[in-house]
Structures are given as structure tokens and as C-alpha cells.
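Descriptive analysis of the structure
Residue-level listing of the chains:
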Amino acid sequence: MHSTTKLLHSIPVDPLTGAVSIPIYQTSTFVQEAPGINKGFDYSRTDNPTRAVLESIAAQLEEGSTGIAFGSGMAAIDAVLKMLKTGDEVVAIDDIYGGAYRLFEQVYKKFGVKVIYVDASQPENVYRAISSRTKLIWIETPINPTLKISDIEAIAKIAKANGCLLCVDNTFASPALQKPLSLGADLVVHSATKYLGGHCDLIAGLVVTKDKELGEKVKFFQNACGAILGPLDSWLLIRGIETLPLRIRQHCRSAQFIAEFLELHPAVDRVLYPGLKTHPGHSIAKKQAKGFGGIVSFSLKEDTEQAAISFVSATNLFQLAESLGGMKSLVSHPATMTHKTIPPVRRRASGVANSLIRLSVGLEEPEDLVADLEEAFSKLEVKNSRPHAKTAYV
Ligand SMILES: *Cc1c(COP(=O)(O)O)cnc(C)c1O
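Summarised in this report is the structure supplied together with it. Predicted model, so just to flag it, every value in this text is computed and none were measured.

A few words now on the nonpolar core. By size, the foremost hydrophobic cluster in this structure holds 78 residues, and its most contacted members are Ile137, Trp138 and Leu166. Counting residues per element, this core draws most heavily on helix α3 (residues 73-81), at 6 residues. What tryptophan 138 contacts, discounting residues up to four positions off in sequence, is Ile77, Val80, Leu81, Val90, Val91, Ala92, Ile93, Ile96, Cys167, Asp169 and Val189. With 33 residues, the next largest nonpolar core counts Leu262, Val296, Ala308 and Phe377 among its residues.

With that settled, consider the site of the ligand. The environment of the ligand is formed by 13 residues, the closest being Gly73, Asp169, Ser191, Thr193 and Lys194. With respect to the ligand, the side chain of threonine 193 contributes an N or O atom lying 2.6 Å from an oxygen atom. In the complex, 92% of the free accessible area of the ligand, which totals 390 Å², lies under the protein chains. When residues in the shell around the ligand are grouped by element, the largest group, 3 residues, is from α3. Its residues assigned to classes, the shell around the ligand shows 5 nonpolar, 5 polar and 3 charged.

Spatial strand order, β1-β7-β6-β5-β4-β2-β3: 7 strands in an open sheet with mixed pairing. The sheet is open, and its two edges are formed by β1 (66-70) and β3 (114-118), each paired on a single side. Each adjacent strand pair in this sheet contributes to an overall mean axis angle of 20 degrees, direction not counted. In the sheet, β1 pairs with strand β7 (residues 205-209) via 5 bridges, with the strands oriented antiparallel. Across the sheet, the residue bridging to alanine 69 is leucine 206, located in β7. Contacting β1, β5 (165-169), β6 (187-191) and β7, helix α7 (residues 212-225) runs over the sheet at an angle of about 20 degrees to β1.

So, about helix α2 (residues 49-61). For α2, built from 13 residues, the straight-helix expectation of 18 Å at 1.5 Å per residue is met to within 8% by its first-to-last C-alpha distance of 18 Å. With 10 of 13 residues buried, α2 is to be regarded as a mostly interior element. Looking at α2, one finds that the buried residues are Pro49, Thr50, Arg51, Val53, Leu54, Glu55, Ile57, Ala58, Ala59 and Leu61. Its buried side turned inward, α2 meets α1 (3-10), β1, β7, α7, α8 (231-242) and α9 (244-263). Where α2 begins, the capping side chain belongs to asparagine 48, and its oxygen is found 2.9 Å from the backbone nitrogen of threonine 50. Directly beyond the C-terminal end of α2, a positive phi value near 55 degrees is found at glutamate 63.

Rules used throughout
Residues numbered from 1 in each chain as written. Predicted model: local features only at pLDDT ≥ 70, side-chain atom pairs only at ≥ 80, totals over all residues. Heavy atoms only, no water. Core = buried A, V, L, I, M, F, W, Y, C linked by side-chain atoms within 4.5 Å. Buried < 20%, exposed > 50% of the residue type's maximum accessible area, 1.4 Å probe, protein only. Helix = DSSP H or I, 4+ residues; strand = E, 2+ residues; numbered from the N terminus. Contact = heavy atoms within 4.5 Å. Near = heavy atom within 4 Å. Polar contact = N/O pair within 3.5 Å; in protein donor to acceptor, adjacent residues only side chain to side chain. Areas by Shrake-Rupley, 256 points an atom, 1.4 Å probe, with all protein chains shown as cover. Nonpolar A, V, L, I, M, F, W, Y, C, P; charged D, E, K, R; others polar. Pairing = 2+ DSSP bridges. Axes fitted to C-alpha atoms, helices over the stretch in contact; angles between N-to-C directions. Expected span 1.5 Å × (residues − 1).

In C-alpha cells form, the structure reads like this:
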């Protein structure tokens with residue numbers, strides 16, 4: 001049976017009433033027959049029936065044993081880091097999500113956790129950074145906004161050989177395309193705010209572990225620290241996940257179409273999309289994922305912040321906002337938005353050009369999206385313009 005069919009039929013009907021949509025169990029506590037004798041639930045921080053359904057779907061989606069839901073992606077990341085203790089070291093990918101960087105540097109550092117950042121697109125860099133204190137390797141692939149690819153299987157082998165856990169932030173690919181646990185990772189985290197939710201209407205996070213024991217450890221922190229996802233948001237997330245495979249298929253098709261359009265445009269310098277054969281991570285992305293995702297980044301020939309700002313202000317369908325993965329297309333300018341706090345020299349060294357523009361390609365008709373980009377380009381003064389081929393969407 002195909003995974004999409006399996007996914008839809010794994011969402012149970014309510015055992016109590018037969019409701020096809022799992023009810024939102026909006027309750028804090030549960031009546032007990034006698035102390036400790038209950039129907040499996042005693043207090044909603046510890047466990048809630050709506051959240052429990054979400055957690056089991058998440059575990060199935062990522063092919064893991066345990067799913068654990070949190071109030072945000074950051075809370076999910078935090079729950080994994082709570083397994084560390086003073087003196088432990090982490091080897092993390094250098095272009096790590098800004099919020100994770102802040103958590104490492106401004107929260108965990110003061111507790112004596114040291115993080116070494118490396119370019120994980122070359123697995124030997126990960127290997128070289130490991131010491132006897134390394135407990136955790138942390139990667140994202142594809143990474144934001146340069147869409148660099150890291151080889152999950154190769155890094156998982158390095159982790160195993162050195163007794164470290166590997167955690168993959170799978171937000172960008174989503175489990176519809178990439179299943180890190182099957183490639184050897186121990187944990188997956190998600191900002192479910194993005195593709196899993198898919199409708200820009202909630203903030204949520206997930207952790208999925210490969211083995212049960214590790215799952216129990218993370219679940220302990222979920223209950224002990226309390227950053228849980230509420231029943232209503234759990235329900236919204238289940239509803240988002242039901243259409244995940246379908247949405248991702250269209251995000252990928254449209255992103256590929258747009259990336260190919262951009263590649264031919266005279267005002268564009270570089271297009272960063274793993275689905276293009278020119279992308280350095282293309283073959284690894286092809287090996288480890290079923291598709292290349294819905295995010296496309298590109299830089300302009302006129303590599304100035306001003307040119308990029310004019311462009312992102314000129315699009316209409318691509319709305320200017322941070323975040324990604326929703327049904328409506330978004331555009332952002334990392335150098336002045338998400339990556340503003342990173343010093344320009346370091347930013348450029350990691351491939352974020354002054355004019356780099358990131359698109360989160362939504363579910364509008366791709367030809368309309370290309371027309372929107374065309375119009376924004378026409379507002380830029382394009383020097384040396386040459387005619388470019390128009391491709392029809394298929
Ligand atoms: C957004 C994001 C996060 C943080 O998730 P929130 O739900 O915003 O807390 C973590 N990792 C990646 C890759 C993200 O894009």
C-alpha cells in the first residue's frame with residue numbers, strides 16, 4: 001500500500017462516538033474511577049487524546065517509534081537539547097536555523113554546553129569536529145536559505161561510529177520527501193508550523209525518535225517542562241498532515257518550474273535549488289529524498305541589497321514575510337530579514353549574497369507565480385537584457 005493511503009487510514013475514528021474527525025478533547029483533567037485507575041489519561045500536560053493521535057501519526061510519518069508534540073519548533077529543539085549536560089559538546093551545521101543558534105549560544109552555552117559549527121555538506125568536516133565529549137550531531141538538509149545538502153546516511157555512520165546521537169531538523173524537506181530515521185538518524189525535529197501544518201495558522205513542533213527508550217527521555221521533558229501542544233492546535237496539525245503528500249507534490253513541481261524559469265532569466269545570477277542539475281547537492285538530494293522541496297533561492301546580477309529590496313517589494317502574489325511552507329507563496333530577503341544579525345562577512349562566506357532572495361513556492365498556479373516574478377523583474381532596470389525562453393508548465 002502507498003504511504004499516502006496508509007497515512008490517511010491510520011488516522012483513527014473516535015473510539016467513543018465513531019466521529020470520523022478525531023474530536024478536540026479540550027479538557028485539562030480526566031475523572032478517575034479510583035486513584036490511579038483511569039481510561040489512559042489523567043492530566044492533559046502528561047497526555048491528551050487529540051495530541052496522542054497526532055503523536056502516533058507523526059511517529060508513523062517519520063518511520064520512528066515515538067512522536068512527541070510541542071508548542072513550537074523551538075520547544076521541540078529545546079526538549080532534545082535538554083538531554084545534554086554540562087561539559088557535553090554538539091557538532092552542528094554552520095548555517096543552522098537562527099533560533100537554534102540563539103538557543104545554543106544564549107541559553108545552553110551558559111550551562112556549559114559547547115557547540116562547534118561545521119559545513120556538514122562535507123561529512124569529513126563533521127568527523128573532524130568530533131571529540132570524546134561530543135554527544136550530539138545536529139544537521140538540517142536542505143538548509144536555509146542556501147539549500148545546501150548534507151548526506152544523512154554518511155553522517156549517521158560517523159555518529160554511530162563515535163557514539164553520538166544524530167538529530168535532523170527535517171522541516172524543509174518534510175517526511176513526505178525525506179525520512180532521516182530510515183537513513184540512520186536517531187531523532188528528527190520539525191517546526192510543524194511550516195509544511196506539516198501547511199496553512200500558516202499555527203505554531204507547533206514535533207520530535208520523533210527512532211527507538212522507544214530515546215522517545216521516553218524526550219517525553220519526560222515534554223511533561224516535566226510542559227511546552228506541550230494544545231488540543232486545538234493538535235487537531236489543526238492533524239488536518240494539515242492529511243494533505244501533506246498532495247501539497248508537497250505540488251510545491252515540488254511548482255518550485256522546479258520556477259527554478260528553471262529563473263535560471264534562464266537575464267537579471268538572475270545564481271539559482272539555488274537542489275532539483276537543478278547545477279546544484280552541488282543534486283545527486284545526494286536525489287539519493288536521499290523523493291523530491292527537492294518547495295523553497296527556491298536566487299541572487300541577482302546586480303548584487304546589492306537595494307536591488308533585492310526593490311524586487312521583494314515589487315511582487316504581488318509572493319507576499320513579503322518570514323516563514324515558509326504554507327499554501328500561499330512568500331518571498332523574503334535573508335540579508336535584511338532572517339539573517340540580519342549575522343555579520344556581513346560571515347553571511348557572504350556561507351553563501352548568502354547581498355541580493356539573495358528566498359521564495360517559498362505556494363499552491364497557486366505556477367504560471368501565475370512566474371508572471372508575478374516577470375512583472376517584478378520588469379520593474380528592475382535590467383541591463384544587458386537578452387530574450388529568454390518561455391517554458392510552459394507541465
Ligand atoms: C521555523 C523553523 C524552526 C523553528 O520553529 P518554530 O515553529 O518557529 O518555533 C526550526 N527549524 C527550522 C528549519 C525552521 O524553519
